[in-house]
There are 2 protein chains.
Amino acid sequence: MDITDLARGIAKGERRALARGITLVESSREDHRVLAAELLAAIPQGREALRIGLSGTPGVGKSTFIESFGMMLTGQGLRVAVLAVDPSSARSGGSILGDKTRMDRLARDGNAFIRPSPSQTHLGGVARRSREAVALCEAAGFDVVLIETVGVGQSETVVAQMSDVFLLLLAPGGGDELQGVKRGIMEMADLIVVNKADGDLKPAAMRTRADYAGALRLMRKRPQDPEGYPCATTVSALEENGLAETWDALCELTQWRRENGFWKQTRADQARYWFEDAVKNALLAQLETPHARAALAQLGKAVARGDAEPSAAARDFVQRLGIK
Amino acid sequence: MDITDLARGIAKGERRALARGITLVESSREDHRVLAAELLAAIPQGREALRIGLSGTPGVGKSTFIESFGMMLTGQGLRVAVLAVDPSSARSGGSILGDKTRMDRLARDGNAFIRPSPSQTHLGGVARRSREAVALCEAAGFDVVLIETVGVGQSETVVAQMSDVFLLLLAPGGGDELQGVKRGIMEMADLIVVNKADGDLKPAAMRTRADYAGALRLMRKRPQDPEGYPCATTVSALEENGLAETWDALCELTQWRRENGFWKQTRADQARYWFEDAVKNALLAQLETPHARAALAQLGKAVARGDAEPSAAARDFVQRLGIK
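As the structure is a prediction and not an experimental result, all values here were calculated from the model.

1. Digging into the pairing of strand E1 (residues 50-55) of chain A
Most of E1 of chain A is tucked away, with six of its six residues classed as buried. Side chains Leu50, Ile52 and Leu54 of chain A project from E1 of chain A onto one buried face, and the interleaved Arg51, Gly53 and Ser55 of chain A project onto a second face that is buried too.

Spelled out as structure tokens, the structure:
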């Protein structure tokens, strides 16, 4: 594989090159990891997309929203990439319906690039691989990268650490529903978007928006937010209503953050976070050698039998491995 | 500090020796860690208490329950230790009211030992220290060790990994309340105890018990449970009703598990879990040396400035540290 060619193809925005590059960074084979590092060093640095993290539990109409929102953006001449981060698919064995099937109009749009969720064989690497895929999309000149996740908790944190803005998509619901959203996820959201504001559900959507707007006002103000943010909007992805307003709110927010230094600061903090995360993973990779695995299994058995105290056995293991 | 003397004092069940031993295992000073390892090796092995994990959100009457339940057990001649695992107190700076104040009758009982929550300066070590404190209580000949935590999610997992049985304490509530308990915590519970089954709240407590009993029946059967478990009971810690029935249920459950091999199997799995946890922590401790900290800070700055790619910088760091 010629990495220079691949990097050049990505820099030109070639979709096949981008797809191949993402496949490379998604691979956990050690030789692929070396090539992936070369690729990440070879792609153009400094191109910046707006990275939008998007979370929502199944049933809120996430695919329909991404498709309508994405089509609106490509209609304005913007290039849009859609990536999925889904640690939970480790269990179900990947999306049952491919993402491209879910968003067939957007998939056929020349200005859009949709990457289906990778089938997860190795949970720990999901986050790093997704972040590197985002970097490749930026290098390929996309204007917007939508990073989608299901609302299961941990994946939101991961997605927020690779996004400039975080958007929480909700369906209309009674006041009780407020409690369904974990406080931690509420605190991550820059924008709450209540979908399905159409037909019979419209009044409920308006009420839900008002409920969340109220809840957001009660939360502690964050330094990276201008007056009036985080805020809540309503959309109908089906009828394509409210999408432009949602986009305007995102643009106003990011513009303010750029002008006030928070954009750059957040990106710097995120880069540092991923660096430290990679360091930790590299340290824990010391457990993956055949020698370490064998020692771990042997001492693990002694501990399980009660022949060794867990902390003492751990000290013993670390000494055997030659770690000071 | 003479470790042999300390171990001997603990083996005799001396409360002062036990308290000093727990202080030692709670310390994160490196010389204390070495002494703690010696102590854990020197105490009598093979003494087994019934370790009861106990979780419940603030307001369910956890202290009152522990006091009444503990007094009932000491009244039967059993020796009872109470430990608290509270990772969240890292923020609040420890319990506002000391645990001994909360349970003053039990604190004055010669057959009880109450250890207030340690003030947490170093979150990562909370779990290990608590597990080692449990081991000291067992070596001191306690029959029952109650390990208490607040219902905040992560701490339950930690407590469950050091308990033989896990008890979830709840207050009476409407049917909606069912959703307030995270599914993950429900799945950990061996016994759900609805407290405050007294006065006006009694009918609500009965309903809540029935609701949870129904919910438990819908859950997947676990191999380590006999017919009829996990189950739900009601108690009034205030009026000291239902405590004996709760204790009987715990005894029946653990007896069955002992006879069917699950008691031993669970302890073996837990020992292995703590061994692997200690190994991971030891590997990550490589980041704590002055040399590593300096390199981490320097490369972290380069990454934050955008002068280095996070994954590449991590590889660089790991090479500098001499880790293969």
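2. Points about the relation of the copies chain B and chain A
Between chain B and chain A, the superposition needs a rotation of 180° and an axial shift of 0.0 Å, giving an RMSD of 0.1 Å. On the angle and the small slide along the axis, the relation comes out as a two-fold axis. Within chain B, Leu283 of chain B has its C-alpha nearest the rotation axis, a separation of 3.1 Å.

3. Side note on the pattern of salt bridges
Residue and element names in this part refer to chain B. Here the structure, examined in full by the defined rule, presents 46 salt bridges over all chains. Residue Glu14 is joined to Lys12 by a salt bridge in which the shortest nitrogen-to-oxygen separation is 3.9 Å. Judged by its relative accessible area of 38%, Glu14 falls in the partly exposed class. Note that Glu26 is salt-bridged to Arg115, the shortest N-O span being 3.1 Å.

4. Observations concerning unusual backbone geometry
Residue and element names in this part refer to chain A. Look at the link from Tyr229 to Pro230: it is a cis peptide, with omega at -10°. Relative to the elements of secondary structure, Pro230 occurs in the loop between helix H11 (202-218) and strand E7 (231-234). One non-glycine residue, Lys196, lies in positive phi territory at about 65°. Residue placement: Lys196 occurs in the loop between strand E6 (191-194) and H11.

5. Comments concerning the pairing of strand E2 (residues 80-85) of chain B
Residue and element names in this part refer to chain B. Burial of E2 is extensive: six of the six residues sit out of reach of the surface. Judged by which residues are buried, E2 turns out to be covered on both faces: Val80, Val82 and Ala84 on one side and Ala81, Leu83 and Val85 on the other are all buried. Relative to strand E3 (residues 112-114), E2 runs parallel, the two being bridged by three bridges. Considered in E3, the bridge of Val82 is made with Ile114. Bridging between E2 and strand E4 (residues 144-149) involves six bridges; their strand directions are parallel. Within E4, the residue paired with Ala81 across the bridge is Val145.

6. A few points about the interface of chain B and chain A
The partner chain A presents 38 residues to the 38 residues of chain B that form the contact. Between chain B and chain A the total buried area reaches about 3,300 Å² when both faces are included, carbon and sulfur atoms providing 73% of it. Scanning the region where chain B abuts chain A turns up four salt bridges. A salt bridge links Glu30 of chain A to Arg315 of chain B, with the nearest nitrogen and oxygen atoms 3.8 Å apart. Here chain B and chain A share six residue pairs in polar contact (both at pLDDT 80 or more) between them. Each residue belonging to the side of chain B that touches chain A can be placed in one class, and the counts come to 22 nonpolar, four polar and 12 charged.

7. As for the domain arrangement of chain A
All names here are of chain A. Structurally, chain A comprises domain 1 (1-43) and domain 2 (46-259). Counting each side, the surface lost to burial between domain 1 and domain 2 is near 1,600 Å², with a carbon and sulfur contribution of 61%. Taken as a group, Arg15, Leu18 and Glu26 account for 36% of the area that domain 1 buries against domain 2, more than any other trio of residues on that side. Connecting domain 1 to domain 2 are two salt bridges. Put simply, Arg33 and Glu132 hold a salt bridge, and the shortest N to O gap is 3.4 Å. At the surface where domain 1 touches domain 2, the tally comes to nine residue pairs in polar contact (both at pLDDT 80 or more). Counting only elements with at least two residues in the side of domain 1 that touches domain 2, the list comes to helix H1 (3-11), helix H2 (15-26) and helix H3 (30-42). Looking at the side of domain 1 that touches domain 2, the element that brings in the most residues is H2, giving eight residues. Within the side of domain 1 that touches domain 2, the residues separate by chemical class into nine nonpolar, four polar and three charged.

Procedures and definitions
- Every chain begins its residue count from 1, and numbering advances along the sequence as written.
- Chains carry letters from A onward and ligands carry numbers from 1 onward, assigned in written order.
- It should be noted that, the model being predicted, local features are given only for residues of pLDDT at least 70 and side-chain atom pairs only at 80 or more, the latter also being counted only at that level, while totals for whole chains, interfaces and linings use all residues.
- Water and hydrogen atoms were dropped before computing side-chain values, which therefore reflect all heavy atoms in the structure.
- Between buried and exposed lies partly exposed: a residue is buried under 20% and exposed over 50% of the maximum accessible area for its type, with that area taken using a 1.4 Å probe on protein chains only.
- Numbering goes from the N terminus for both helices and strands, where a helix is a DSSP run of H or I of at least four residues and a strand is a run of E of at least two.
- The atoms used to superpose the copies are C-alpha atoms, taken from residues with pLDDT of at least 70 in both, and the fit is least squares.
- The rule for a salt bridge is simple: a side-chain nitrogen of Lys or Arg has to be within 4 Å of a carboxyl oxygen of Asp or Glu.
- Here, a strand pair is defined by DSSP locating no fewer than two bridges between the strands.
- Contacts between residues were defined by any pair of non-hydrogen atoms, one from each residue, lying within 4.5 Å.
- Buried area is understood as the total, over both parts, of accessible area removed when two parts are fitted together, assessed with a 1.4 Å probe.
- Any N or O atom pair separated by 3.5 Å or less is treated as a polar contact, with the protein-specific requirement of one donor-capable and one acceptor-capable atom, and with residues adjacent in sequence counted only for side-chain atom pairs.
- Side-chain classes follow a simple rule in which Ala, Val, Leu, Ile, Met, Phe, Trp, Tyr, Cys and Pro form the nonpolar group, Asp, Glu, Lys and Arg form the charged group, and the remainder, Gly included, forms the polar group.
- Domains are outlined according to an automatic or database domain assignment.

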